[in-house]
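Notes for the structure review
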Amino acid sequence: MLVADVAAHARLADATLLCVRWRATPAESAVEAVVRLQQAGAHVAGAVLTRADPAAAGAAGLGYGEAAGYGAAPARTGWRGRYGLAAR
């Protein structure tokens, strides 16, 4: 749930980063937070994944390099399309 203070401060900031706890925050909750922040007038610049376990990261698809998809063409739908959000 987004509290009024967070929305008010986010609206005044140049950019907002959403902190998402690895393997704890449901994707739907993160998307809802982004939508509510945007509705409050915040510019959501991205997300930070917290408490990630480097030992288990390979199994979760986290990492750098070719396996992480760097340099690949972005998917046309992406997470915004999947949840019905407008592209920025």
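Our structure is the block above this text.
Structural notes, computed from the coordinates. (Residues numbered from 1 in each chain as written. Predicted model: local features only at pLDDT ≥ 70, side-chain atom pairs only at ≥ 80, totals over all residues. Heavy atoms only, no water.)

Before going further, it helps to examine the environment of Val-6. Relative to the helices and strands, Val-6 resides in helix H1 (residues 4-12). On the basis of relative accessible area, Val-6 is assigned to the partly exposed category, the value being 38%. (Helix = DSSP H or I, 4+ residues; strand = E, 2+ residues; numbered from the N terminus. Buried < 20%, exposed > 50% of the residue type's maximum accessible area, 1.4 Å probe, protein only.)

All right, on to the nonpolar core then. One finds Ala-10, Leu-18, Val-20, Ala-30, Ala-33, Val-34, Leu-37, Ala-42 and Val-44 forming the largest nonpolar core, which totals 9 residues. At the level of secondary structure, the elements contributing two or more residues to this core comprise strand S1 (16-21) and helix H2 (27-39). Of all the elements, H2 adds the most residues to this core, at 4 residues. (Core = buried A, V, L, I, M, F, W, Y, C linked by side-chain atoms within 4.5 Å.)

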